[in-house]
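# Summary of structural features
Single-letter residue listing:
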Amino acid sequence: MEQTLSIIKPDGVVKGIIGEIIKRFENNGLKIKAMKMVRLSKKEAEGFYIVHKERPFYSSLTDFMSSGPIVVMVLEGKDAIRKNREIMGATNPEDADTGTIRRDFGTDVEKNTVHGSDSPESAAFEIDYFFKSLH
Ligand code: CMP
């Protein structure tokens, strides 16, 4: 069993598709082990995306991620990191496969509806960032 961090971004919350997204995870064998709705400060968003701090989109990304409430979840299942990334689709909704969350609901590469950990190392960091008390 593996755990990964999932975030429904502000655009997903505004669109009213929290339930639809959770249903896709559950229908694909991922269990919700922890979940909360939070509004990040700019500083908290910067801390979460610290690996991207040198990227040109860092400022805009962290503005967006602190612009409204998000839903943060720990998903658990066999191959959870890879499975979640399959369900989400490619980072840019234009490149994402039909039937993926980002293809169906994403607007652009920034407003791409969901985030998911991309490796066991990032999953450990990201789960700890939001759910330290679970460890
Ligand atoms: P996410 O999975 O949350 O991880 C980093 C985010 O940066 C990514 O999804 C995108 O929403 C965002 N982002 C914004 N601009 C870009 C870009 N040009 N290339 C990659 N990611 C970008």
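Preceding this section is the structure that the text describes.
Computed from a prediction, not measured in an experiment: that's the story for all the values here.

## Overview of the site of the ligand
In the vicinity of the ligand, the contacting residues are Lys9, Tyr49, His52, Phe57, Leu61, Thr91, Arg102, Val109, Glu110, Asn112 and His115. Tyr49 places a side-chain nitrogen or oxygen 2.6 Å from an oxygen atom of the ligand. The separation between an oxygen atom of the ligand and a polar main-chain atom of Val109 is 2.6 Å. The class makeup of the residues in the shell around the ligand is 4 nonpolar, 4 polar and 3 charged.

## Remarks on the packing of aromatic side chains
Summed over all chains, the structure comprises 5 aromatic pairs. Seen in terms of ring centroids, Phe48 and Tyr49 are 4.9 Å apart; in terms of plane orientation they differ by 80°. Their pairing is edge-to-face. By relative accessible area, Phe48 is classed as buried at 3%. By relative accessible area, which is 6% here, Tyr49 ends up buried. With centroids separated by 5.8 Å and ring planes inclined at 40°, the aromatic side chains of Phe125 and Tyr129 adopt a geometry described as tilted. Remark: Tyr129 and Phe125 occur in helix 7 (residues 120-131); sequence separation between them is 4 residues, near one turn of the helix. Tyr129 sits in the partly exposed class, given a relative accessible area of 32%.

## Some words on the sheet that holds strand 1 (residues 2-8)
Read from one edge of the open sheet, 4 strands run 2-3-1-4, paired in antiparallel fashion. Lying at the two open borders of the sheet, with one neighbouring strand each, are strand 2 (31-38) and strand 4 (114-116). When strand polarity is set aside, the average angle formed by the axes of neighbouring strands in this sheet is 20°. Together, strand 1, strand 3 (70-77) and strand 4 form the strand contacts of helix 5 (residues 80-88), whose direction differs from that of strand 1 by roughly 30°.

## Quick look at helix 4 (residues 58-65)
Residues of helix 4 that are buried include every one of Tyr58, Leu61, Thr62, Phe64 and Met65, and no others. Summarising the axial view, the buried residues of helix 4 lie within an arc of 155°, below the 170-degree limit, and thus occupy one face. Residues of helix 4 that are buried in the fold lie against strand 1, helix 1 (10-14), helix 3 (42-48) and strand 3.

## A short note on unusual backbone geometry
Positioned with a positive phi, Asp79 is a non-glycine residue whose angle comes to about 55°. Structurally, Asp79 can be placed in the loop between strand 3 and helix 5. Positioned with a positive phi, Thr113 is a non-glycine residue whose angle comes to about 75°. Tracing the sequence through the fold places Thr113 in the loop between helix 6 (101-105) and strand 4.

## Quick look at helix 2 (residues 18-27)
Note: α-helices contain 3.6 residues per turn, so residues at a spacing of three or four share the same orientation. Of all the residues in helix 2, the buried ones are Ile21, Ile22, Arg24 and Phe25. Buried residues of helix 2 fall within an arc of 155° about the axis and therefore sit on the same side. Set apart from the buried face of helix 2 by more than 90 degrees, the exposed residues are Gly19 and Asn27. Looking at the buried residues of helix 2, the elements they touch are strand 1, strand 2, strand 3, helix 5, helix 6 and strand 4.

Each value, and the rule that gives it
Residues numbered from 1 in each chain as written. Predicted model: local features only at pLDDT ≥ 70, side-chain atom pairs only at ≥ 80, totals over all residues. Heavy atoms only, no water. Near = heavy atom within 4 Å. Polar contact = N/O pair within 3.5 Å; in protein donor to acceptor, adjacent residues only side chain to side chain. Nonpolar A, V, L, I, M, F, W, Y, C, P; charged D, E, K, R; others polar. Phe/Tyr/Trp six-rings, centres within 6.5 Å; stacked < 30°, edge-to-face > 60°. Buried < 20%, exposed > 50% of the residue type's maximum accessible area, 1.4 Å probe, protein only. Helix = DSSP H or I, 4+ residues; strand = E, 2+ residues; numbered from the N terminus. Pairing = 2+ DSSP bridges. Axes fitted to C-alpha atoms, helices over the stretch in contact; angles between N-to-C directions. Contact = heavy atoms within 4.5 Å. Arc of directions from axis to C-beta.

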